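Spelled out, the chains give:
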Amino acid sequence: MDLFEEKMRAMKEMAPENRMEMVKNLKNRCPCPTCPSYNTCAKEAGETLFCATGKSFMCISEEKSCICPTCPITKEMGLKHKFFCTRGAEKAQRYEHTLWGSTMV
Ligand code: SF4
Ligand code: SF4
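Residues numbered from 1 in each chain as written. Chains lettered and ligands numbered in written order. Predicted model: local features only at pLDDT ≥ 70, side-chain atom pairs only at ≥ 80, totals over all residues. Heavy atoms only, no water.

**Student:** For the overall build of the protein chain, give the residues involved together with the corresponding values.
**Tutor:** Of the regular secondary structure elements, the protein chain holds seven helices and zero strands. Shown N-terminal to C-terminal, the secondary structure of the protein chain runs as helices and strands in the order α-α-α-α-α-α-α. For 105 residues, the compact-globule estimate of 2.2 N^0.38 gives 13 Å, and the C-alpha radius of gyration of the protein chain, at 14 Å, lies within 12% of that figure. For the protein chain, the spread of C-alpha atoms along the three principal axes comes to 35 × 35 × 25 Å. Taking all 105 residues of the protein chain together, the buried fraction comes to 35%. Across the protein chain, contacts joining residues at least 24 apart in sequence account for 49% of those joining residues at least 6 apart. (Helix = DSSP H or I, 4+ residues; strand = E, 2+ residues; numbered from the N terminus. Rg over C-alpha atoms; globule rule 2.2 N^0.38 Å. Buried < 20%, exposed > 50% of the residue type's maximum accessible area, 1.4 Å probe, protein only. Contact = heavy atoms within 4.5 Å.)

Next up, the structure:
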C-alpha cells in the first residue's frame, strides 16, 4: 500500500466531521488559483482541490500548465498524477491507468 492509499484508508476511518474538517483545510491550502490553467469561471464557482474532487465542472478545459507537482499537498498525500481539473481526481486517474495501462504523465 502506498502513501496515497494509506491516507485514503485513514480518512475513511475518520469521523465524518473530522474528515470534513480535513478536506476544508486542504481546500484552503490548494494553490490552484495561482495556476495558469485556472480561470475566472473556476474562481467564481469556488473550485479548488481537484485532486480530490475531480474535474472542473465545465470551467477549465485548456491545459496551460499544472503546478500540482510542486504543491506541498502532492507530497503530503502521495499523489502520482496532475492536471486533476481536466483529467480527474487522483483516485479516478489511478483507476483509469489500471484499466488501460496508460502512461500519461
Ligand atoms: S489541477 Fe493542476 S492544472 Fe488544474 S488548476 Fe490545479 S494546478 Fe492547475
Ligand atoms: S495537488 Fe493540485 S489540485 Fe491538489 S491541492 Fe495541490 S494544486 Fe490543488
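More follows now that the structure is in view.
**Student:** Give me the lowdown on the site of ligand 1, citing residues and values where you can.
**Tutor:** Around ligand 1 lies a shell formed by Cys32, Cys35, Ser37, Phe50, Ser65, Cys66, Ile67, Cys68, Phe83, Phe84 and Cys85. Counted by class, the shell around ligand 1 contains nine nonpolar, two polar and no charged residues. (Near = heavy atom within 4 Å. Nonpolar A, V, L, I, M, F, W, Y, C, P; charged D, E, K, R; others polar.)

**Student:** Any chance you could break down the site of ligand 2 for me, citing the residues and the numbers?
**Tutor:** Lining the immediate environment of ligand 2, one finds Cys30, Pro31, Cys32, Leu49, Phe50, Cys51, Cys68, Cys71, Ile73, Thr74 and Leu79. Considered class by class, the residues forming the shell around ligand 2 number ten nonpolar, one polar and no charged.

**Student:** Mind laying out the state of the cysteines, listing which residues take part and the relevant values?
**Tutor:** The full count for this structure, using the stated rule, is one disulfide. Put simply, Cys41 and Cys59 are joined by a disulfide, and their sulfur atoms are 2.0 Å apart. The disulfide joining Cys41 to Cys59 has a torsion of about -60° about its S-S bond and is therefore left-handed. Of the two residues, Cys41 sits in helix 3 (residues 40–44) while Cys59 sits in the loop between helix 4 (50–53) and helix 5 (72–77), which places them 18 residues apart along the sequence. (Disulfide = S-S within 2.5 Å.)

**Student:** Quick rundown of the pattern of salt bridges? Include the residues and the values.
**Tutor:** Where side chains of opposite charge bring their charged atoms close, a pairing between them can arise. Considering all chains together, one arrives at five salt bridges under this definition. Note that Asp2 is salt-bridged to Lys80, the shortest N-O span being 3.3 Å. Here Asp2, found in the segment before helix 1 (3–13), pairs with Lys80, found in the loop between helix 5 and helix 6 (84–87); they are 78 residues apart in sequence, far enough to count as distant. In this structure Asp2 comes out as partly exposed when scored by relative accessible area, which is 22%. Taking relative accessible area as the criterion, Lys80 reaches 60% and is therefore assigned exposed. A salt bridge links Glu90 to Arg94, with the shortest nitrogen-to-oxygen separation between them at 2.7 Å. (Salt bridge = Lys/Arg side-chain N within 4 Å of Asp/Glu carboxyl O.)

**Student:** Explain helix 7 (residues 90–100) residue by residue, including any values.
**Tutor:** Restricting attention to buried positions, one finds in helix 7 the residues Glu90, Gln93, Arg94 and His97. Down the axis of helix 7, the smallest arc covering the buried residues is 100°, so these residues share one side. In this structure, helix 7 carries Lys91, Tyr95 and Trp100 as exposed residues pointing more than 90 degrees from its buried face. Of the surrounding elements, those touching the buried residues of helix 7 are helix 1, helix 4 and helix 6. (Arc of directions from axis to C-beta.)

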